[in-house]
Each structure stands twice: as C-alpha cells, then as structure tokens.
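# Per-entry structural report
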Amino acid sequence: MHSGAVFRPGFLLTTSDFTKKNDQDQAGGLTAVSKSFVELNNVRLRYSEGDDLALETTNMKIGKGEFIAVVGPSGCGKSSLLKLVSGLMPPSEGTVIVDNKEVAGPLKIVGMAFQNPTLLPWRTTLDNVLLPMEIVKPHRNRLRKHRAEYEERARKLLASVGLEGHEDKYPWELSGGMQQRASLCRSLIHEPDLLMLDEPFGALDAFTREELWDILQNLWMVRPFTVILVTHDLREAAYLADTIYVMSKRPGKILVERENPLPRPRDQEATFTQPFTDLVHELRSHIRDVRES
Ligand code: ADP
Ligand code: MG
C-alpha cells in the first residue's frame, strides 16, 4: 500500500518493535553499538566569551531507543543541553556525537516538543501535524505528489493519541491537552530517531499530564525512538524514563545517573507502589542536595 522506504508499515500500529527492542537488549553486540546513539564527551558551554560556564564538563551516553529524563533546578542548563544535542548550538569545548557522527549543525533526525504546543493558529490540526513534512527532506520533495499517503500517516498518528475526529479543527478549538497531543504528533510525524521534549507537559493540569504520560509511553513502546525528556516533575521522570539524570545548579553538570528499575508498561497504579514512591523520594533528596549546595 505504501512505499516501504518512507512509510514503515509497523509504525504505530503493531508491537513488532517491542521484539526489536528485546532482541537488541539480548544481543550483546547490538547493545554495544546502541549504547552510544547520543554521546557527550567533556562538553562545556558558555554563551559568550568571558561569560561564566552555563554547562560544566558533561559526559553522557544514551543508547538507541533509550528513554532518558533530565531533571534539575531552573537555569541549570537543561534546555542548553537539548540545543547542543540537536545541533542548534555548538559546544564551547568537547564533542557531541549522534549516530556515530559529530554534530556540526541542526540534525534532521530530531523531533522536538516544548511546554507551549506552538501550533499555528491558521492551520487545522492535520495541517499542523503535516508541517515538518513541508520542511524536512526527503518528505518535502514528495509531499505534493504523495499528499494522500502523508495525510493517512498523520491521521493514524492522531488517532493513536485519541484525536480521531479532530483533524479539521483549529488549535483554538482544542483543549490544552489536545493541543499538546497534536504537538507530540507533529514532533513524530517524520519518524525521528531522536525525540527531545523540553518540559512538554508543564502547562497541563495533573490529570491531563498523566494521560499524556501514557500516550507518550505508548508511542515510544510501539516504535522505540530515543527520547531526551527535560522535566521539573520527578514523578514524570520516574514514570517515563529508563535512566534519570539529575543536574546541579549553574554551571550545570550531571550529578547523578539513576537507572529506573520499574517494569514496563507503567500505569497509574504503579505510581502508588513502594518502588515508585521510593524512587521519587530518592530523586527528591538529590534535588534537595543540589538546591542546598
Ligand atoms: P534550564 O533549561 O535548565 O532552565 P537553560 O539551559 O535555559 O536552563 O539556561 C542555562 C543558563 O544559561 C541560565 O543561566 C541561562 O540564563 C543561560 N542562558 C540560556 N540561554 C542563553 C543565551 N541565549 N544567552 C546567554 N545565556 C543564556
Ligand atoms: Mg529550560
């Protein structure tokens, strides 16, 4: 039905990628390669010469398909870290490597979503989701001729986050949570290998936020792209991430790297269990140390 090169049939519809992920985990060789899909080597950042460091020496290794969260006090350099990895800004020292190549400019394989859904008010939900296709190669060259195929892809993605029937609505006709779902779809429509989320659910009420955790977890479990989630919310980090990094206040650096032992899929019930609350408490104590240091 679709050209396999562009439209992977499994996308969002089957769980075949679960198997892929498990295979990777079990196959030692593959894991070794995947262990460094994103790598920061002795990265430091200052915004202007003579300025204090925004980011102190930072080293990170993020595996392919891994979901990591970065937590830390305001101004510690979390958003700066995302800018470095996506190639929007070069490090002052050190190297950033993504998919075995040093990052030297904005990456095409990245999808991004922010606290503010930033949907264009004059476009429908469907057309907002399709926006990256007008920008990212090779899609932008194919879009005109293969519009129906791309629309179908966008509709499936919207349906998978519960927005079926809202495709033709404008952003102002959607609730905040629905806008953020659409924004997630827009960040994923070009099937990026790397998804960066900068406090994406920060503006939502607690119920809507937790609904979106499930939606994001589900999207990721069906097609495990690599995720870097920046969040203030320790429960969000504990719910979603495989690994949680705690950063110090400015100049930011990674103080703690914590594997998350909780099994998947995680659900709302899990947030009331001892292992979950223990993990959140532990993260909170690290953050308290950071703030008091
Ligand atoms: P966070 O996302 O953790 O709140 P940021 O990465 O946005 O922190 O910022 C880290 C530090 O760098 C802050 O002290 C901030 O004021 C500073 N900063 C961020 N962007 C710029 C910029 N464009 N120019 C100069 N300083 C900046
Ligand atoms: Mg920020």
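So, here is what we can say about the structure in this document. No experiment lies behind these values; they were computed from the predicted model shown.

The next subject is the overall build of the chain. Counting its secondary structure elements, the chain contains 10 helices and 10 strands. The buried share of the chain, reckoned over its 293 residues, is 34%. Considering only contacts within the chain whose residues lie at least 6 apart along the sequence, 72% involve residues at least 24 apart.

Take the pairing of strand β4 (residues 93-98) next. Here strand β1 (residues 38-45) runs beside β4; their pairing, made up of 5 bridges, is antiparallel. Looking at the pairing, R44 lines up with E93 of β4. If you look at the hairpin formed by β4 and strand β5 (residues 101-102), you'll find 2 residues sitting between the two strands, and D99 has a positive phi there, around 55°.

As a structural note, the neighbourhood of ligand 1 is formed by Y47, A54, G72, S74, G75, C76, G77, K78, S79, S80 and R250. Across the shell around ligand 1, the residue classes break down as 3 nonpolar, 6 polar and 2 charged.

Moving on, we come to the sheet that holds β4. The strand order across the open sheet formed by 4 strands is β2-β1-β4-β5, and the pairing between neighbours is antiparallel. Of all strands in the sheet, those with a lone pairing partner are β2 (55-62) and β5, marking the two edges. Helix α3 (residues 78-86) rests against β1, β2 and β4 of the sheet, and its axis sits at about 120° to β1.

Below, the discussion takes up helix α7 (residues 176-188). With 13 residues, α7 should cover 18 Å at 1.5 Å per step; its first-to-last C-alpha distance of 19 Å lies within 8% of that length. Taken across its 13 residues, α7 has 12 buried, putting it largely inside the fold. Check the buried side of α7 and you find it contacts β6 (110-114), α4 (125-129), α6 (147-160), β7 (194-198) and α8 (206-222).

A separate point is the pairing of strand β8 (residues 226-230). A regular strand places its side chains on the two faces of the sheet in alternate fashion. Burial analysis of β8 places 5 of its 5 residues in the buried class, which makes it a mostly covered element. The alternating pattern of β8 places T226, I228 and V230 and V227 and L229 on opposite faces, both of which are buried. With 4 bridges connecting them, strand β3 (residues 67-71) and β8 associate as parallel partners. The partner of A69 across the bridge, within β8, is L229. Pairing of β7 with β8 involves 5 bridges; the strand directions are parallel.

Turning to α3, a few remarks are in order. Among the 9 residues in α3, 7 count as buried, and that is most of the element. When we look at burial in α3, the residues that qualify are K78, S80, L81, L82, L84, V85 and S86. G87 sits one or two positions beyond α3 and adopts a positive phi of about 80°.

The 6 strands lie next to each other as β6-β7-β8-β3-β9-β10, forming an open sheet whose pairing is mixed. The sheet is open, and its two borders are formed by β6 and β10 (254-259), each paired with just one other strand. The mean inter-strand angle of the sheet, taken between neighbouring strand axes irrespective of direction, is 15°. As judged from the 4 bridges shared by β3 and strand β9 (residues 243-247), these two strands associate in the parallel manner. Within the sheet, the bridge partner assigned to I68 lies in β9 and is T243. Lying on the sheet, helix α10 (residues 274-292) is in contact with β3, β9 and β10; it crosses β9 at an angle near 20°.

Here the focus is the environment of I135. Position of I135 among the secondary structure elements: in the loop between α4 and α5 (139-142). For I135 and K108, which are 27 residues apart along the polypeptide, the C-alpha to C-alpha distance reads 9.9 Å.

Leaving glycine aside, a negative phi is the common case for residues, and trans is the common case for peptide bonds. Here the amide bond leading from K137 into P138 is cis, since omega sits at 0°, within 30 degrees of zero. By the element assignment, P138 lies in the loop between α4 and α5. In the segment running from R250 into P251, the intervening peptide bond is cis, with an omega of -5°. Relative to the helices and strands, P251 resides in the loop between β9 and β10. The backbone of N42 sits at a positive phi, close to 45°, despite the residue not being glycine. According to the C-beta neighbour criterion, N42 is exposed, with 11 such atoms within 10 Å. The phi dihedral of T118 falls on the positive side, at around 45°, and the residue is not glycine. Turning to its location among the elements, T118 is positioned in the loop between β6 and α4. Residue class for T118 comes out partly exposed when judged on the 13 C-beta atoms lying within 10 Å of it.

Cut-offs and rules
- Residues numbered from 1 in each chain as written.
- Chains lettered and ligands numbered in written order.
- Predicted model: local features only at pLDDT ≥ 70, side-chain atom pairs only at ≥ 80, totals over all residues.
- Helix = DSSP H or I, 4+ residues; strand = E, 2+ residues; numbered from the N terminus.
- Buried ≥ 20, exposed ≤ 12 C-beta atoms within 10 Å, placed from the backbone.
- Contact = placed C-beta atoms within 7 Å.
- Pairing = 2+ DSSP bridges.
- Near = placed C-beta within 6 Å.
- Nonpolar A, V, L, I, M, F, W, Y, C, P; charged D, E, K, R; others polar.
- Axes fitted to C-alpha atoms, helices over the stretch in contact; angles between N-to-C directions.
- Expected span 1.5 Å × (residues − 1).

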